[in-house]
Amino acid sequence: MESIITNSRLLLEKMCIGCRYTYHELLRLCNFTEMQLCYAILYLLKDGRINQYRDTEVVYELQPAR
């Protein structure tokens, strides 16, 4: 579980507010394995820190600080 939290923090640090990223862009940006990225995304979605929606493909966006 600790590695998921660590990877989630690293993902948040790499994402910029207002920028949208595809799954493959996040893979390249973070240099995670697919499993690491999936768990980090799920953790951040559950925590309400990022949004996920469909444009031409699935897009992830950092939520503004509360």
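Placed above this text is the structure.
Residues numbered from 1 in each chain as written. Predicted model: local features only at pLDDT ≥ 70, side-chain atom pairs only at ≥ 80, totals over all residues. Heavy atoms only, no water.

Colleague: Hey, could you go over the overall build of the protein for me, with residue numbers and the actual values?
Modeller: Along the backbone of the protein there are three helices and three strands. Against the globule reference of 11 Å for 66 residues, the protein gives a C-alpha radius of gyration of 11 Å, in line with a compact fold. In terms of principal-axis extent, the alpha carbons of the protein reach across some 30 × 25 × 20 Å. Here the protein holds 66 residues, and 33% of them are scored as buried. Restricting the contact set of the protein to residue pairs at least 6 apart, pairs at least 24 apart contribute 50%. Both charge centroids of the protein, one from 8 positive and one from 8 negative side chains, sit 4 Å from each other. (Helix = DSSP H or I, 4+ residues; strand = E, 2+ residues; numbered from the N terminus. Rg over C-alpha atoms; globule rule 2.2 N^0.38 Å. Buried < 20%, exposed > 50% of the residue type's maximum accessible area, 1.4 Å probe, protein only. Contact = heavy atoms within 4.5 Å. Lys, Arg positive; Asp, Glu negative; His and termini not counted. Charge placed at Lys NZ, Arg CZ, Asp CG, Glu CD.)

Colleague: With reference to specific residues and values, describe the sheet that holds strand β2 (residues 50-54).
Modeller: Reading across from one edge, β1-β3-β2 is the order of the three strands in this open sheet, with antiparallel pairing throughout. Unpaired on one side and paired on the other, β1 (20-22) and β2 mark the two borders of the sheet. Strand after strand, the sheet turns through a mean of 30 degrees between neighbouring axes, direction not considered. Sitting on the sheet, helix α2 (residues 23-30) is in contact with β1 and β3 (58-62), with an inclination near 95 degrees to β1. (Pairing = 2+ DSSP bridges. Axes fitted to C-alpha atoms, helices over the stretch in contact; angles between N-to-C directions.)

Colleague: Let's hear about the packing of α2 against helix α3 (residues 34-46): which residues, and what values?
Modeller: It is at 10 Å that the axes of α2 and α3 come closest, and there the two elements cross at 110 degrees. In terms of orientation, α2 lies roughly perpendicular with respect to α3. Relative to α3, α2 is oriented so that their crossing is right-handed. Residues Tyr23, Leu26 and Leu27 of α2 form the contact with α3, whose own contacting residues are Glu34, Leu37, Cys38 and Ile41. Residues belonging to the contact of α2 with α3 are distributed by class as follows: six nonpolar, no polar and one charged. (Parallel < 35°, antiparallel > 145°, perpendicular 65-115°, else oblique. Left-handed = near helix turned anticlockwise from the far one by under 90°. Nonpolar A, V, L, I, M, F, W, Y, C, P; charged D, E, K, R; others polar.)

Colleague: Tell me what's going on with the pattern of salt bridges, and back it up with residues and numbers.
Modeller: One pass over the structure, following the stated rule, counts two salt bridges. Linking Asp55 and Arg20 is a salt bridge whose minimum nitrogen-to-oxygen distance equals 3.7 Å. In this pair, Asp55 is assigned in the loop between β2 and β3 and Arg20 in strand β1, connecting sequence segments 35 residues apart. Note on Asp55: relative accessible area 48%, which makes it partly exposed. Of the residues examined, Arg20 reaches a relative accessible area of 47% and is grouped as partly exposed. Between Arg49 and Asp47 there is a salt bridge; the shortest N-O distance is 3.9 Å. (Salt bridge = Lys/Arg side-chain N within 4 Å of Asp/Glu carboxyl O.)

Colleague: Tell me about unusual backbone geometry, residues and numbers included.
Modeller: Apart from glycine, the bulk of residues carry a negative phi angle, and the bulk of peptide bonds sit in the trans form. With a phi angle near 60 degrees, Asn31 is a residue other than glycine that sits in the positive phi range. Of note, Asn31 is situated in the loop between α2 and α3. For Asn31, a relative accessible area of 68% gives the class exposed.

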